[in-house]
Structures are given as C-alpha cells and as structure tokens.
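Report on the structure
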Amino acid sequence: MKLQAKYLSRFLAVLIWTGSLLAQTPTGSVSGTVSDSTGAQVANATVRIVNNDTHETHSTTTGASGAYIFPIVPVGEYMLEAQANGFKLEKRTGITLDVNQNARADFALQVGSVREVVEVKADSPLVDTMDVQLGETVDQKRIENLPLNGRNVYDLIGLMPGAVNVSTGVTGTNDTNNMSVNGNNIRSNNFYLDGGQNTSQFRNGGNMAPNPDAISEFHLITSNFDAEYGRQPGSVLNVVTRSGSNAYHGTAFEFLRNDTVNARNFFQTSTTPLHWNQYGGTFGGPIRHDKTFFFASYQGFQEATSTFVNGVVVPTVPQRTGDFSALAAAKRPTDPNTSQPFPGGIIPASRLDPVAQNIIKSLVPLPNNAAGTSYSDSEPSPATDQQGMLRVDHQLTASNRLSGTLFIDRSNTSLPFGASNSSQLPNWDAANAIYRQNNVVISDDIVISPSLISQARFSYSLNYYATTDTDTTSWADWGSKLVLGALPPRPPKFALTSAFTAGPGGGGNDIMPESTWAASERVTWIHGGHNIRAGVGYQWNHFLETGNWLGSGQVAFTGAFTGNSIADLELGMAATFRQNNGLDRNFQQSSESAFFQDDWKVLPRLTLDLGVRWELNPPYTGANNSLGGFEFGVQSKIYPTAPLGMLFPGDPGVPAGIAPTKYTNFSPRFGFAYDLFGNGKTAIRGGYGIFYAVGMVNLISNLQNQPFIADITLNGTKNLVDPWASYGGSPYPYTLSAKN
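These numbers come from a predicted model, not from an experiment. (Residues numbered from 1 in each chain as written. Predicted model: local features only at pLDDT ≥ 70, side-chain atom pairs only at ≥ 80, totals over all residues. Heavy atoms only, no water.)

Considerations on the pattern of salt bridges
So the rule is basically this: Put simply, a salt bridge is a Lys or Arg side-chain nitrogen that is within 4 Å of an Asp or Glu carboxyl oxygen. Numbering goes from the N terminus for both helices and strands, where a helix is a DSSP run of H or I of at least four residues and a strand is a run of E of at least two. Burial classes: relative accessible area under 20% of the type maximum marks a residue as buried, over 50% as exposed, and values in between as partly exposed (1.4 Å probe, protein chains only).
As enumerated under the stated definition, the model contains 21 salt bridges in all. Notably, a salt bridge pairs E144 with R242, separated by 3.8 Å at the nearest N-O pair. Residue E144 is found in helix α2 (residues 140-145), and its partner R242 is found in the loop between β16 (235-241) and β17 (249-258); the two are separated by 98 residues along the sequence. On the basis of relative accessibility, which here comes to 45%, the residue E144 falls in the partly exposed class. Across the salt bridge formed by R533 and E228, the nearest N and O atoms sit 3.2 Å from each other. Placement of the pair is R533 in strand β30 (residues 530-547) and E228 in the loop between β15 (215-223) and β16, with a sequence separation of 305 residues. The two residues R533 and E228 agree in class, both being buried. Several salt bridges share partner residues, and in doing so they unite E56, D194, R391, D393 and R401 into one network.

This is how it looks when you write it as structure tokens:
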C-alpha cells in the first residue's frame, strides 16, 4: 500500500509539470498461455522470466484463461519457466527479445511432480502476431557481421523495407543522418538513443549514434504507430546500447583503409591520398554480481585525405590585367560607358578597379591547365573523431531497475573549400568544422505489481556544431573602404557567371549549439485481456546561433555591364552586392503531450490497438521577440517606422511565435493484428491514425529578419573601393533601435 501511494504521488507530480513527447521505450514483452496436455487452461500457474546475462528475475501468475504477460522486458536473452501444483516444472530457454517485440511462449504442462523438469530449447517467433505497428529490428549479430563503411549503424536502415534516401556521415554535423520512410519527408523522423531524444532541431535529422560494437540493436517503426509516439509522422528509430552482464567481456578493433590499390581519378595526375583508421574497444561486466553492471566503449577515427576541384575557370594571365584581346571579337567585353567594345579588347589600366586587382593578385590562382584558362587543385582535408559510451544498470530492488547512459562524441574536420564545400578556390574560404555531442539518458522502472508497472525517463542531448574560417583577410586589406557588417573579418563570397565561385557565403564563423531536455512517465496496467498504457511527458528545445553570415558581403558578377563576368570584376561593377549584420539567434520551444493506449486481446487470434494522443507543440519563439510576420496594409505598433505590413510579437493579434498555438491536436489511433491460421506464422495488420508534424529551426529562422537582421542588397556597384558611396553610405555597423 505504501509503495502504491509512493508511486501515485510520483505519477501525479510528473502529470502536473510534464506533458509532451513520450520517448520510445527500449523494451519488449513476453506473453503466452499455460495449459495441460489436453489443452485445458491452467489458472494460477507461476511463470518466471530470468535474464541469462544479469539473472534479473520477475514472476507472475496466470489468470482464469491461463494467460500471462510480462509487459515490459529489457532486450536480451531469457529463460522462462512455468509451474503449477500437480505438474512438472517446464523451462523454455533461448528466448531472444528485441525492441518493441511481443515474444510469445506457450506452455503445455505435463502431469507429475514439480521436482521433475521438462526443458525445451526455443526461440521467440519470427512473426509477431500481436503488434499492430510495422517495423523491423536489426539485431546485434547483423550489426556486427554486416560490412559498414564508416561504421555508422544508421547505414543499415537502407536494408529495411520502405526506407530510402538514407544519408549518413562518419563525423557529425547538425544535419548528418536522414532517411525517407514510406514516402515521408526526410525531415519527419524521430531518433532515440536508449529511449531518450536524439534528434537535431536544425533540420530534424538524427544525431550521431555510438559505434556498432556498443549497440545491442536498433528498431525502426515505419507505420501504424501506437498513441505513445508522436511529434513526427515519418518513423520512430530507437538505438539500444549494450548492457553489462555477470561475466567480463571485452573487444578490441582496428579498421584500416588506404590508397594502395585505389584507382586514380581520371582528372588527377595521381591517386587521391587516403589513410583511414578506426580503432577502439569495449569492456563490460559486473560491478556487483546480480546487482550492478556496466558497459563501456571507445572509438577513435583518423582520416588523412584530400579534396579535389577540377577545371575551374579563372582569368588568364593577360585577363588578370584587363587584356581580353585573345577572345573572339564578338566575345570581347563592352565598355559600359560607350556600349562599344573596348578598343583591342583591352580595358585601360586607369579603369581597372584597384580593390579588384588586389583581390585577384592575393586570392585568385593562376590557371594551371595546358590552355592557360582553368585551374585544378587538391588540398588536404583531414578529419578526426573520438567517441565514448558508458552504460550502467543497477537493480535497486527485485522490483526496481535503474539505468543510465552517457554518450560523448567529438570531431574535427578540415574544409579547404569552405564550410559548405562550395568555394572552388583554395585559401579563399578554408575552414575548420567542430562537432560536439553529449547524450544523457536515465531510466527508472518500477514493478509495482505483476500487472502494474511504472517507467520514468529523463534525457538530455547537446548538438554543438561550429565552423571557423582560417583566413581573416578582408576588404580593408585590399584597400576598400567597405565597413564590415559583422566580425571577425573574412573574405566575401564572389560568384562569377561562367567562371568561378569562391568564398564563404552563409557558412563559416558560425556557432550553433542546440540542446533538448525531456522527461516522461508511462504506466502499464495489465487487466484481463487489456494491456493498458498511459503517460505524459515534456520536452524543452533551445537553439542558439551566432555567425558572420554575409557580414563581408555576397557579390555577384554576371556580365551585366560588359557582357563578361571577369571584366565586370576588373571594373569593380557587381550586378548585386548583398550584405548583412550576421546572425544572432536564440530560439526556444517546449512540447507537451499525453496518451492513452489499450492493446486489447479480444480473441486468442485477434488484438485491437485503441488509443488517443494529445499534443501541444507551440511554435518556436525568439529572445527579445525577434521573429516577425506580415499582414498586408497593417502598421506595426511595436516598430512604428517598420515597412507597412511587417508585424512583430506584441502587435495586436501577433503571438510570440507568430503562428497561433493549437490546443486541440488530438490524434486517435486504431489498429488490429490477426493471427490468420492460429499458428503464429501469418499475421494480418491494419491501422489508422492522425499525426502532427513539428517544424524545424532552419525554417523558423526565416521569420527573423529586419530590424533584427539588416540584410540589404545593392543592385549594381560602380566600384569596390566604396560600394555604398552611390547609395548614401553604408548602414553598418548596425545597431537595433525601436526608432529606426
């Protein structure tokens, strides 16, 4: 009674302050019936389940129908035994349980003494005839034995039915791992690690997972989700880490790749260098036998290689000083002052823009092909990664199990052609990428009674991705009067039509830490043929970004003035010149939800899934009410001088997240699973549900604009010495004010 009161108070406390996304539970269930040799059901039989590795033991009794169920069982290998007065003890060994699997084991007891034992070697059935959800599990054996180039377990998703367009990486970013499941958008998947949130807010991709040697299995639900799952409609992916056991076990590994037998790129004179090493090990075992267990893993990665660009059009040696006489007459640049070709195809030295000349001399390489018209280059692009994982499982009491997982990932990557790999010239936008990931998951499972179980879970994840430019050369170094919109100094982005593109654009000198905190409580109650689950949860997301973005400018030369983009550059006459004051984003969002689910075994061969989910997913809000919207013909009262139609939080009818919060997102779920022939080998499933999808920060950030971002594009510049001179002067440095 005291235990139930303690549980009830904890559940009510969680219910009061939580209410969002319920994390996927990395467990399964074991059920079946106990009968005698004639097929008559045996009531009040005792059924025990024992974990082969940790000796964790639970027991229950059969009901009047002879049925039993263990609704929440951690993944692993188990032994089952059933006994009743007047019958021999029967054992079932070799039961392997996967994530979300409903394993079935039926007993047919033989008359005799309980001292007599009947042992049967068995395994869980290949067809789950009770689960309405469609999905597949990749177990530890397949994870270990299937080849994985890069050792990213997400690559194995491509083996699952319905999963396509799987993209992964060896090192992490804020958008590394994605897939499309059953035709859904690649931005609509849920990623979990040991049941804790592991999804990036930036574009809803998956954060990195531990290396294959640290993973027990992972499970992908592709459709017919229970009411427990929401937030995204595409899929639910849960990666489960390995646990320690009563025996000490360890591994060591080294994977090597090199360029010894690699073929040469057709356009290169030599083989691309490659020295790839992935190494590490695992170790796990008991801290205290039958009580506390640990499992630890480490993996290091080092890659020495290069990145190649081929055939980039750059100015020829004569063109670098304005001489285009080698071109056919019809292709020679036109003087914008006279609309006639420059005499002899040569731009007078007095007309050449001095800033453009300095840029060409310092950043634009000489052509290196035989014709003297293009440039090819290979630059070193090394990468390193270090990751570690520690999991501890502790059996507090026979009915209370506590688990904790810590995962850390650190990587560094050299990007010689820019953070977005879009710069075609070396040393113009060389950058370094830094990735940091932290995951903490804590689970507390309490078996209040064989038919009533509580599961509480807390998780925290951090995805930190930053890119920094290695070149701080900028306009002042070339003699320009241009004032930078954001610091630190760096080269601008140049895009020349039919020639080269170089520079950072929106990447580089950008720091994006994003964190997710989540908590949930789930209660499972077995009552007759009903497996009833209910729960609540809460999730808080925080996204920060500071960066230079276009503080140095984005300049396009299209040939609009002379008919030749390189000649336009020589004159300093850009078709467009865009500049802003960089990025300063601080977005927050919280989600709440609750669900009720009843898996009702109506008949021995028919199971119905009946559930409903409620979600509250308010839109992201910006610090200092930095987001904005538009309504035609309405003047802002918050910023009275804002252009007509631009509105901000605090204006009449404009909430903090711009879009209104919807409080009526109810998601009914219905499904059935039918054992067609009653032998557990063939199942027919069907389901219906309503799902809601949350947005991603990358789109929400589009709502942050002026006056918080002063982003201005000039249509045509007369020179690069002072591009703003003919527009009344530069607006930078920019300071936010309600009066401007």
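Some words on the sheet that holds strand β14 (residues 196-197)
Where we set the bar: Note on pairing: DSSP must find at least two bridges between two strands before they are called paired.
Overall, mixed pairing links the five strands, which are arranged β10-β15-β16-β13-β14 in an open sheet. Edge positions in the sheet fall to β10 (134-138) and β14, since each has one partner strand and no second. In this sheet, β16 lies alongside strand β13 (residues 189-193) in parallel orientation, the contact comprising five bridges. Its bridge partner lying in β16, F191 is registered against L237.

Overview of the nonpolar core
Selection criterion: Put simply, a nonpolar core is a bunch of buried Ala, Val, Leu, Ile, Met, Phe, Trp, Tyr and Cys residues held in one set by side-chain atoms that sit within 4.5 Å of each other. Any two residues having at least one pair of non-hydrogen atoms within 4.5 Å are treated as being in contact.
Formed by 40 residues in total, the largest nonpolar core has its most connected members in L425, W428, W475, F494, F500 and L569. When residues of this core are assigned to their parent elements, the largest contribution, five residues, is made by helix α3 (residues 354-363). In this structure L569 touches A356, I360, F494, L496, F500, F557 and L720, once residues within four positions along its chain are discounted.

Things to note about the sheet that holds strand β27 (residues 493-496)
Taken in spatial order, the five strands make up an open sheet running β28-β27-β31-β32-β40, and their pairing is mixed. With one partner strand each, in any of the chains shown, β28 (501-502) and β40 (712-715) form the two edges of the open sheet. The pairing of strand β31 (residues 554-557) with strand β32 (residues 576-579) spans three bridges and is classified as antiparallel. Bridge pairing in β32 links Q554 to R578.

Section: the pairing of strand β12 (residues 178-181)
Burial along β12 is two-sided: the residues N178 and S180 and M179 and V181 are all buried. Where strand β11 (residues 163-167) and β12 come together, three bridges link them in antiparallel fashion. Bridging across to β12, S167 finds its partner in N178.

Observations concerning the environment of R257
Worth spelling out the cut-off: Nitrogen and oxygen atoms within 3.5 Å of one another constitute a polar contact, given that in protein one can donate a hydrogen and the other can accept it, and given that sequence-neighbouring residues count only through two side-chain atoms.
Tracing the sequence through the fold places R257 in strand β17. Take R257: its relative accessible area is 33%, and that puts it in the partly exposed class. Spatially, the C-alpha atoms of R257 and H275 are 6.1 Å apart, while their sequence positions differ by 18 residues. Excluding residues that lie within four positions of it along the chain, R257 makes contacts with N149, L274, H275 and W276. Within the structure, R257 has its side chain in polar contact with the side chain of N149 (distance 2.9 Å).

A word on α3
Restricting attention to buried positions, one finds in α3 the residues V355, A356, Q357, I359, I360 and L363. Those residues of α3 hidden inside the fold are in contact with β27 and α4 (565-571). Two or three places before V355, at the start of α3, stands the capping residue D353, its side-chain oxygen 3.0 Å from that residue's backbone nitrogen.

Quick word on unusual backbone geometry
Put simply, Q706 and P707 share a cis peptide bond, and its omega is 10°. Looking at where P707 falls in the secondary structure, it is placed in the loop between α5 (697-700) and β40. Of note, the amide linkage connecting Y732 to P733 takes the cis form, showing an omega dihedral of 0°. Tracing the chain through its elements places P733 in the segment after β40. Despite not being glycine, N182 shows a phi value in the positive range, around 55°. Structurally, N182 is set in the loop between β12 and β13.

Some details on the packing of aromatic side chains
Definition in use: Working definition: a ring pair exists when centres of Phe, Tyr or Trp rings (six-membered ring for Trp) sit within 6.5 Å. Plane angles under 30 degrees give stacked, over 60 give edge-to-face, the rest tilted. We count a charge as sitting over a ring when the NZ of a lysine or the CZ of an arginine lies within 6 Å of the ring centre and within 35 degrees of the ring normal.
In this structure the tally under the stated criterion is 22 aromatic pairs. Considering the side-chain rings of F266 and F267, the 5.2 Å spacing of their centres and the 90° angle between planes classify their relative orientation as edge-to-face. Just as F266 is exposed, F267 falls in that class too. Measuring from centroid to centroid gives 6.2 Å for W475 and F494, while their planes differ by 45°, and the two rings are tilted. Note that W475 is positioned in the loop between β26 (452-469) and β27 and F494 in strand β27, a separation of 19 residues in sequence. There is no split in this pair, since W475 and F494 are both buried. Taken together, the ring pairs connect W428, W475, W478, F494, F500, F557 and F577 into an aromatic cluster. Over the aromatic face of F253 sits the side chain of R151, whose NZ or CZ is 4.3 Å from the ring centroid. Of note, R257 hangs over the ring of W276, and the distance from its end group to the ring centre comes to 4.6 Å.

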